[in-house]
Amino acid sequence: MNLKTLTLPKCLAIAALLFAAFQTGKASAQTTTDNPHMGIIPAPASVTKNTGSYTFSQLTLIKADNPKDKAVLWLKDYLQSNRHLNNKISKFNSKLKPAKSAGLILTAKGADKLPKEGYKLTITNHNITIVGKDAGLFYGIQTLLQLFPVETSGSYKLPCAVIEDSPRFGYRGMMLDVSRHFFSIAEVKKVIELIASYKLNTFHWHLVDGQGWRIEIKKYPKLTQVGAFRQQTMFGSNRDWPDSLSYGGFYTQDQIKEVVKFAADRYINVIPEIEMPAHSEAALRAYPELKCDTVAGQPPPRDINNLYCPTEQTFTFLEDVLTEVMALFPSKYIHIGGDEAGKEPWKQSAFCQALMKEKGLKDEKELQSYFIQRIEKFINSKGRSIIGWDEILEGGLAPNATVMSWQGEEGGINAARQHHNVIMTPQTTGNYFDHYQSGSPQEPVSFGRYATLQETYNYDPVSKQLTPDEQKYVIGTQGNLWTEYVPTVAKLQYQIFPRVFALSEVAWSQPKNKDYTNFSEVRLAKHFAKLDAMNYNYRVPTALTTIDTMVVGPHFVYTLTSVVPGAKIYYTLNGRDPLDTDLQYDSPLTFAIPQNEKRELRTRVITPSGRRSIATRTLMYNKAPLPAGSYTANKQGIKYKLAKNTFTSPDQLSYVAFTDSATVAKIDAEPLKKDNPNFGVVYDGYLNILADGTYNFTLASYAASQLFIDGVQLTESEYALPLAKGFHQIRIKYIYNAPPPATGRYRPRVAPLKVYVTAPGTFEKKELNAADLYN
Ligand code: ACM
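Residues numbered from 1 in each chain as written. Predicted model: local features only at pLDDT ≥ 70, side-chain atom pairs only at ≥ 80, totals over all residues. Heavy atoms only, no water.

Caption draft 1: Fine view of the sheet that holds strand E14 (residues 269–276). Pairing is parallel around the closed barrel formed by 8 strands, whose spatial order is E8-E9-E14-E15-E16-E17-E18-E21. If you compare each strand with its neighbour and ignore which way they point, the axes differ by 30° on average. By the bridge criterion, 5 bridges tie strand E8 (residues 171–177) to strand E9 (residues 202–206) in an arrangement that is parallel. Opposite Met174, over in E9, you have Phe203 as the bridge partner. Lying over the sheet, helix H16 (residues 499–508) contacts E8 and strand E21 (474–481), oriented at roughly 175° with respect to E21. (Pairing = 2+ DSSP bridges. Helix = DSSP H or I, 4+ residues; strand = E, 2+ residues; numbered from the N terminus. Axes fitted to C-alpha atoms, helices over the stretch in contact; angles between N-to-C directions. Contact = heavy atoms within 4.5 Å.)

As structure tokens, then:
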């Protein structure tokens, strides 16, 4: 994880944009009626707004084809629990035309013409009709309820409209890892309740992983007696100190059944995941006899405690486990993991090598494929199908497997080309909700890269690389919440909200109905208000879209807005992050900055329930351009000096003796890595600036490199410099230490030496052009 390599490009032009926003007088409080989707998330397929309204109250009669239908029962319970309404529900006379009847009509009459899971909601002055069958009826009800105001009152005025809607994808999923941190049945139900109301239809329950086995298996009681507990609250690459406290928990089979029913009542299918052959430390702590044989007198191989040995005993164990699992989960799909299996124990096991010979398997990848195919055969024999992470492609795909593409989109593309069904959930496209939500160091500690709301929103699961025929194999998409860094419900909610709203729109809405500006600046308002009212945690969007910015110039105007209804915006000019004791924003802020002086504006949003956004920081600097130097040699290339030592900071390069030096055509430290495991290098030369203006400089890693222009150090927070046309001195310091080997998703990254420049008047961050370097 290297947050610093991922800082957003920062542009002077942002000031101009903000100024433009001020000129257009953006309103800070939005209403749900000023947008084409009526505030509904996910955006419906078609909305026709009409004049007039219908007032829903206790007096509204509800008539349903079947008052005992689960969608109707769900509505009854919702109205009682959340709206204090106890409406009478009677049987709808199907001989009547729905339009003739008063009240709220819930009927399947006419639903045969609708697409699968589709509905038609009609609100007139006279009545409300939802035409839909099964899930379609449930989704029509969800849409209707989104039109209710957030506040509870005796009656609800609903605008007249016709909404026709159906999903883009049949698989719309959310995964929750309950192994790394455990969440109770009540907490899991809360997640299910919420995703159902945003029209997701699959809850992928990651019940098993190295850090805890969470499902009771009667035949193997030690799986939970031993495997469900660990002597550590946090673990792995978490930055917390180890506490050595017992931590864990598991679900009894009765509890699992309760969750499966709760989900089914909301048209959510629960897919259990039982990881194999790796991510199995918890099971192997309970049943170490399922590990591989090792060579006497030698240290055991890496992953020995993590990987099942493909013995008959292991297959019997897994088939027994899966038999109990399949009895609890009616899901057609059973997820068998398959990811990140380090094969060293199989390489070193005499048993595995003999098995490979016997079965004609040429390497351990084929052995993994043999493993998965055997399990698939067993699961298929019970009338079910397997899903596996994209590593199940390696060594040959099991004949009927569905692939969950996570490492990127390649696995999914590859599987679709082999005519296998695919669920797209890449860690590279905003589908990993354990990732940070911005590049700010103020974000709570999380995993890996960052995935903004916009990235999640803009993802299209159907790759353009696929032909129309291949595209049909993409059955849907999913968001994944891994919980290494999610020890609490508050953090769980923070990580998924609002990204799960974006996911729901990706999974449900047609691309032509998607519009990020409308989604993020208008429609989210009501959904944040709902979360706020329910006292759910969520990531509060900041008042400025660019979180950490530097701008150069004498005059700036900022208009601040929050999409969260009723939120207040606080700001400071004293370099401290704002609190609710600071200045409260109420009208545009104007800055006139004296020559060579800086001003720093920080802002923070605080919602009615007291939730705070991270603080934004905008540094304004009124600096005159640095004059060009008197360099005239006109020799292309740049000089470097090399020191072959281990360094911990580029600062140390000011105090060392260099052993090598040379002139090279471009700044590229990669060739130096071939011969040197650890080194430091300093580049010196001139940069030819082609036009007067403010240039933004960024580095791939501020921990490993430093950049100086005319002796001024450019940093992560002060990276913009006005430069006159002509030659300017450039100096770069870089240190490198060879990384430890990669393990699965934990891939140590060493940022290469990269210097990026954003030229005046552009947004594009480009790598420094070698042709502009001189010495
Ligand atoms: C995964 O993220 N290892 C599927």
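Caption draft 2: Fine view of empty space enclosed by the protein. Following the criterion strictly, the structure yields 5 cavities of 30 Å³ or more and no others. Lining the largest cavity, in full, are Glu187, Lys190, Val191, Leu194, Ile195, Val489, Leu492, Gln493, Ile496, Phe497 and Tyr536. Contributions of two or more residues to the lining of the largest cavity are made by helix H4 (185–197) and helix H15 (489–496). The dominant element in the lining of the largest cavity, judged by the number of residues it contributes, is H4, at 5 residues. (1 Å grid on protein atoms, 1.4 Å probe; cavity = no way out; pocket = protein on both sides within 12 Å on 5 of 7 lines; lining within 4 Å. Points joined across faces, edges and corners; volume = space filled by probe spheres on them.)

Caption draft 3: Expanded view of the environment of Arg523. Take Arg523: it is sitting in helix H17 (residues 516–533). A C-alpha to C-alpha distance of 27 Å links Arg523 and Thr618, two positions 95 residues apart in sequence. When near neighbours in sequence (up to four residues on either side) are disregarded, Arg523 contacts Asn35, His37, Gly39, Ile40, Ile41, Pro42, Ala43, Tyr457, Glu505, Asp515 and Asn518. At 2.8 Å, the side chain of Arg523 forms a polar contact with the backbone oxygen of Ile40. Polar side-chain contacts of Arg523 include one of 2.8 Å to the side chain of Asn518. (Polar contact = N/O pair within 3.5 Å; in protein donor to acceptor, adjacent residues only side chain to side chain.)

Caption draft 4: Representation of the environment of Phe182 in the model. Structurally, Phe182 can be placed in the loop between E8 and H4. Along the primary structure Phe182 and Glu597 are separated by 415 residues, whereas in three dimensions their C-alpha atoms are 52 Å apart. Excluding anything up to four places from it in sequence, Phe182 contacts Arg214, Tyr247, Gly248, Gly249, Phe250 and Tyr251.

Caption draft 5: Focus on the environment of Gly726. Looking at the secondary structure, you find Gly726 in strand E36 (residues 726–737). Gly726 sits in the buried class, given a relative accessible area of 16%. Along the sequence, Gly726 and Lys116 sit 610 residues apart, while their C-alpha atoms lie 65 Å from each other. (Buried < 20%, exposed > 50% of the residue type's maximum accessible area, 1.4 Å probe, protein only.)

Caption draft 6: Structural context of the packing of H16 against H17. Contact pair H16 / H17: the axes reach a minimum separation of 11 Å and the direction vectors enclose 120°. The pairing of H16 with H17 is recorded here as oblique in orientation. The handedness of the crossing between H16 and H17 comes out as right-handed. Of the residues in H17, those in contact with Phe501, Ala502 and Glu505 of H16 are Phe519, Arg523, Leu524, His527 and Leu531. (Parallel < 35°, antiparallel > 145°, perpendicular 65-115°, else oblique. Left-handed = near helix turned anticlockwise from the far one by under 90°.)

Caption draft 7: Region of the structure containing the pairing of E21. Of all 8 residues in E21, 8 are buried; the element is thus mostly enclosed. Pairing of E8 with E21 involves 6 bridges; the strand directions are parallel. Directly across from Arg172, in E21, lies its bridge partner Thr477.

Caption draft 8: Expanded view of the sheet that holds strand E5 (residues 119–123). Across the sheet, which stays open at both edges, the 7 strands sit in the order E1-E7-E5-E6-E4-E2-E3 with mixed pairing between neighbours. Edge positions in the sheet fall to strand E1 (46–57) and strand E3 (89–91), since each of these pairs with one other strand and no more. Direction aside, neighbouring strands of the sheet carry axes that sit 25° apart on average. When E5 meets strand E7 (residues 155–165), the two strands line up antiparallel, connected through 5 bridges. The residue of E7 that forms the bridge with Lys120 is Glu164. Contacting strand E4 (103–107), E5, strand E6 (127–132) and E7, helix H3 (residues 135–147) crosses the sheet at an angle of about 35° to E5.

Caption draft 9: Focus on unusual backbone geometry. Here the bond from Met276 into Pro277 is cis, since omega is -10°, no more than 30 degrees from zero. Along the chain, the position of Pro277 falls in the loop between E14 and helix H7 (281–286). Here the bond from Phe497 into Pro498 is cis, since omega is 5°, no more than 30 degrees from zero. Structurally, Pro498 can be placed in the loop between H15 and H16. At Asp303, a position not held by glycine, the phi torsion is positive, near 70°. As for its position among the elements, Asp303 is in the loop between H7 and helix H8 (312–328). We note that Asp710 has phi near 50°; this positive angle belongs to a residue other than glycine.

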